[in-house]
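Examination of the molecular architecture
The primary structure of each chain is shown beneath.
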Amino acid sequence: MSLYPSFARPNSLAQASELLAGLSGGSVIIAGGQEIMPHINHGAMQPDIYIDIGGLKELRGISEADGVVSIGALTVHRELQGNAIVAEKLPMLADAASRAGGGRQVHNRATLGGNLVAMHPLYDIAPALLALGAEVELVKAGETRRTSLAALMHETSHGLGSEAILVRVLVPAMAAGTGWAYEKLKLSGGAYGSANAAATVQLDAGRITAATLTIGAVADRIIDAAAAVQGLIGQAWTAAAAEQLELRCPALVKQPLSDQQGSGEWRQAMAGVVARRAMAAAVARAGQK
Amino acid sequence: MMDDLLVQSVLVQWRVNGKLHEIEAMPGMSLLDAVREQLGLTGTHMGCQTGHCGACTVMLDGRIVKSCLTQAATLPRAEIVTIEGLKRADGTLNPVQQAFWDEAGFQCGYCAPGMLLSAMELLAEHPDPTDAQIDTGLAGNLCRCTGYRSLVRAVKAAAAKMRETS
């Protein structure tokens, strides 16, 4: 740490990347500040250098091309909630963004990039993006790399590393007729979830032809519950299928979180409950415009 | 060469409650500290410094934010409104402040500056808000006195008054 921290506001992605590559650690990237300011206010984090990426226009904007929605990392939750492209092509992401805690103040300022880089197990955006098969574009030392969000989030603490910048999130547009739901179990309005689940489903003549399911807020990583939904393919969504899904999910939670949001044993059970609710709501919505 | 970008402080220009200020923002300093310590506007309250309580809410470029979670140096130019900027030109309370006064929306008053700014954004977006919209609009502000019912009443009273006069 330094008693005299310094600050830089690069005005292009190339400049920011070059700057980061030339620093020997102790630097931190800041944009909206919602994730790191609590640590700075309380002295838990004392960076030598702040790199303010808020001025990088390469990290802004939402567009769609060839069936993929490209969302700049500086996009705030409020924009995800109200953007026309997101509302039409990725309604589950708009919904998940509206469920984030912290109030409107945080929705107005918290960025998509900051949310993902935080890799916080209780946050709302990542489960939805993982269920939608999102990819991310990163820049490190001038090199642009594209990878799946799932690969990025495999490491809970340092998936990115301080020299990389998350530039954009690339999400395949949801196919017409896709059923979807984001389910969040929480104790009170502004609270973190005790368990949450994001589901998508495709139906053909009442039978499930494809489905994705992720479960968050129950373990230190978001769980891909593909193994639990595999058994649903080819079946109709019946009471028995719902029960099967609910019973399969707790076993996927190997090391449950046990915190203010609830005990580990309860969280495992709730993983099944939110999974069932999310899939039921997704099935109910499938095929509707 | 890139080291040229590193500075020890940032000169920022903000219009705060209509008045232009130029201040020296140290790296790491929050907007909350800048407003309270450097501009002397102590109506913006410091609560938790973690983003939970909302007492430090101000309006930044037309949107409410938690000033403790916003770093001053990241705002080279900004339009800021604090609680001190809410009263009307003749010095009387604005309709939202008046409704909070009439409906016992203030008890200890600590959360009030933030609560009022959140209520103003809520009413700008929803002139006739439902209970659910009020809950969502005030979700980022904690109050430990009122139990929130008088706050909901105050927002509805303000909404009625504003619709009447607009």
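Residues numbered from 1 in each chain as written. Chains lettered and ligands numbered in written order. Predicted model: local features only at pLDDT ≥ 70, side-chain atom pairs only at ≥ 80, totals over all residues. Heavy atoms only, no water.

**With respect to the packing of aromatic side chains**
Counted according to the given criterion, the structure contains 2 aromatic pairs over all chains. Ring geometry for Phe100 of chain B versus Phe106 of chain B: centroids 5.9 Å apart, planes at 45°, classification tilted. With relative accessibility at 0%, the residue Phe100 of chain B sits in the buried group. Look at Phe106 of chain B and you get partly exposed, because its relative accessible area is 27%. When the ring centre of Trp180 of chain A is taken as origin, the NZ or CZ atom of Arg285 of chain A, which lies over that ring, is 3.7 Å away. (Phe/Tyr/Trp six-rings, centres within 6.5 Å; stacked < 30°, edge-to-face > 60°. Buried < 20%, exposed > 50% of the residue type's maximum accessible area, 1.4 Å probe, protein only. Lys NZ or Arg CZ within 6 Å of the ring centre and 35° of its normal.)

**Remarks on the nonpolar core**
Counting residues in each nonpolar core, the largest one holds 52 residues, and the members touching the most others are Leu59, Ile71, Leu90, Met92, Leu116 and Leu129 of chain A. In this structure Met92 of chain A touches Ala128, Ala131, Leu132, Met174, Trp180, Ala181, Tyr182, Ala198, Ala199 and Thr200 of chain A, once residues within four positions along its chain are discounted. Counting 33 residues, the second largest nonpolar core, distinct from the first, contains Tyr50 of chain A together with Ala73, Leu75 and Ile80 of chain B. (Core = buried A, V, L, I, M, F, W, Y, C linked by side-chain atoms within 4.5 Å. Contact = heavy atoms within 4.5 Å.)

**Topic: the domain arrangement of chain A**
Residue and element names in this part refer to chain A. You can read the domains of chain A as domain 1 (6-52), domain 2 (59-172) and domain 3 (181-285). Measuring from the centre of the C-alpha atoms in domain 1 to the corresponding centre in domain 2 gives 19 Å. Counting from both sides, the interface comprises 11 residues of domain 1 and, opposite them, 18 residues of domain 2. For the domain 1 and domain 2 pair, buried surface summed over both sides reaches about 1100 Å², with 65% attributable to carbon and sulfur atoms. In terms of surface lost to domain 2, no three residues of domain 1 exceed Leu13, Gln34 and Glu35, which account for 43% of the buried area on that side. Seen at the junction of domain 1 and domain 2, the total is 0 salt bridges. (Domains from an automatic or database assignment. Buried area = accessible area lost by both parts, 1.4 Å probe. Salt bridge = Lys/Arg side-chain N within 4 Å of Asp/Glu carboxyl O.)

**Quick word on the packing of helix α11 (residues 239-248) of chain A against helix α12 (residues 264-285) of chain A**
Residues and elements named next belong to chain A. Between α11 and α12, the least distance of the axes is 7 Å, while the angle of their chain directions is 145°. Considering the relative orientation of α11 and α12, their crossing is right-handed. Contact residues: α11 offers Ala242, Leu245 and Glu246, while α12 offers Gly272, Val273, Ala275, Arg276 and Met279. Grouping the constituent residues of the contact of α11 with α12 by class yields 5 nonpolar, 1 polar and 2 charged. (Axes fitted to C-alpha atoms, helices over the stretch in contact; angles between N-to-C directions. Helix = DSSP H or I, 4+ residues; strand = E, 2+ residues; numbered from the N terminus. Left-handed = near helix turned anticlockwise from the far one by under 90°. Nonpolar A, V, L, I, M, F, W, Y, C, P; charged D, E, K, R; others polar.)

**A closer look at the domain arrangement of chain B**
One frequently used descriptor of interface size is the decrease in accessible area upon assembly of the parts. Residue and element names in this part refer to chain B. What the domain assignment lists for chain B is domain 1 (2-85) and domain 2 (95-165). Taken over C-alpha atoms, the centre of domain 1 sits 24 Å from the centre of domain 2. Both faces combined, the contact of domain 1 with domain 2 buries some 1200 Å², and carbon together with sulfur accounts for 58% of it. When the buried area of domain 1 at its contact with domain 2 is split by residue, His45, Ile64 and Ile83 rank highest and sum to 38% of it. We note a salt bridge from Glu125 to Arg63, for which the minimum N-O separation is 3.8 Å. Those elements giving two or more residues to the side of domain 1 that touches domain 2 turn out to be β3 (57-60) and β4 (63-66).

**Things to note about the pattern of salt bridges**
Applying the stated rule across the entire model yields 15 salt bridges over all chains. For Lys89 of chain A, the salt bridge is made with Glu64 of chain A, and the minimal N-O distance between the two is 4.0 Å. Taken together, the positions of Lys89 of chain A in helix α4 (residues 84-89) and Glu64 of chain A in strand β4 (residues 62-65) put the pair 25 residues apart, joining distant regions of the chain. On the basis of relative accessible area, Lys89 of chain A is assigned to the partly exposed category, the value being 22%. Judged by relative accessible area, Glu64 of chain A falls into the partly exposed class, the value being 36%. Taking the shortest distance from any N to any O, the salt bridge between Arg153 of chain B and Glu103 of chain B comes out at 3.3 Å. With a gap of 50 residues between them, Arg153 of chain B in helix α5 (residues 149-165) and Glu103 of chain B in the loop between α2 (95-102) and α3 (112-125) connect regions that are remote in the sequence. Note on Glu103 of chain B: relative accessible area 25%, which makes it partly exposed. Put simply, Arg78 of chain A together with Arg63, Glu121 and Glu125 of chain B are held in one network by salt bridges that share partners.

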